[in-house]
Amino acid sequence: MRRLQRRTLVLTSESARHPFRRTLSPRVFVAALPADVEAAENEQARRAWRLSGADWRGFLSAYCASLVAIAVFIA
């Protein structure tokens, strides 16, 4: 005897052609933000991801240490 599976109700979007996009809830496909709000969010994200001098110094020291370690290992 086949056992019935219990499945949750998923409202599909007919405009979503890919199977994964069809399984997403309708709240994912909300309207885009106004241009000024989106620009403000982009500027805030740009400021948050800006690299400082300490970031560059840490990257360069790790890169140089790796380069030296590989050179010593090869030689």
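The structure we're discussing is the one just above.
Since the structure is predicted, the reported quantities are computational estimates derived from the model, not experimental observations.

(A) Quick look at the overall build of the protein. What the protein contains, in helices and strands, is three helices and zero strands. The order of helices and strands in the protein, counted from the N terminus, is α-α-α. Taken over 75 residues, the protein has a buried fraction of 1%. When the accessible surface of the protein is totalled, it reaches about 7800 Å², and 62% of it is carbon and sulfur.

(B) How the structure looks around the pattern of salt bridges. Counted by the stated rule, this structure contains two salt bridges. Here R46 and E43 are joined by a salt bridge, their closest N and O atoms 2.7 Å apart. In this pair, R46 and E43 both sit in helix 2 (residues 35–48), three residues apart, roughly one turn of the helix. Owing to a relative accessible area of 31%, E43 belongs among the partly exposed residues under this scheme. Put simply, R47 and E43 hold a salt bridge, and the shortest N to O gap is 3.9 Å. Residue R47 and its partner E43 are both found in helix 2; the two are separated by four residues, about one turn of the helix.

(C) Representation of a nonpolar patch on the surface. On the surface, a cluster of nonpolar side chains totalling about 670 Å² of accessible area is made up of L51, W56, F59, L60, Y63 and L67. Considering the arrangement of structural elements, one finds F59 in helix 3 (residues 53–74).

(D) Main features of the packing of aromatic side chains. A full pass over the atoms with the stated rule returns two aromatic pairs. Measuring from centroid to centroid gives 6.4 Å for W56 and F59, while their planes differ by 85 degrees, and the two rings are edge-to-face. Linking W56 with F59, this pair stays in helix 3, spanning three residues, or about one helical turn. A centroid spacing of 6.3 Å and a plane angle of 25 degrees characterise the contact between F59 and Y63, whose relative ring orientation is stacked. In this pair, F59 and Y63 both sit in helix 3, four residues apart, roughly one turn of the helix. By the ring-pair criterion, three or more aromatic residues cluster together here, those being W56, F59 and Y63.

Rules behind the numbers
- Residues numbered from 1 in each chain as written.
- Predicted model: local features only at pLDDT ≥ 70, side-chain atom pairs only at ≥ 80, totals over all residues.
- Heavy atoms only, no water.
- Helix = DSSP H or I, 4+ residues; strand = E, 2+ residues; numbered from the N terminus.
- Buried < 20%, exposed > 50% of the residue type's maximum accessible area, 1.4 Å probe, protein only.
- Areas by Shrake-Rupley, 256 points an atom, 1.4 Å probe, with all protein chains shown as cover.
- Salt bridge = Lys/Arg side-chain N within 4 Å of Asp/Glu carboxyl O.
- Patch = residues over 30% accessible without salt bridge, like charges linked within 9 Å, V, L, I, M, F, W, Y side chains within 5 Å.
- Phe/Tyr/Trp six-rings, centres within 6.5 Å; stacked < 30°, edge-to-face > 60°.

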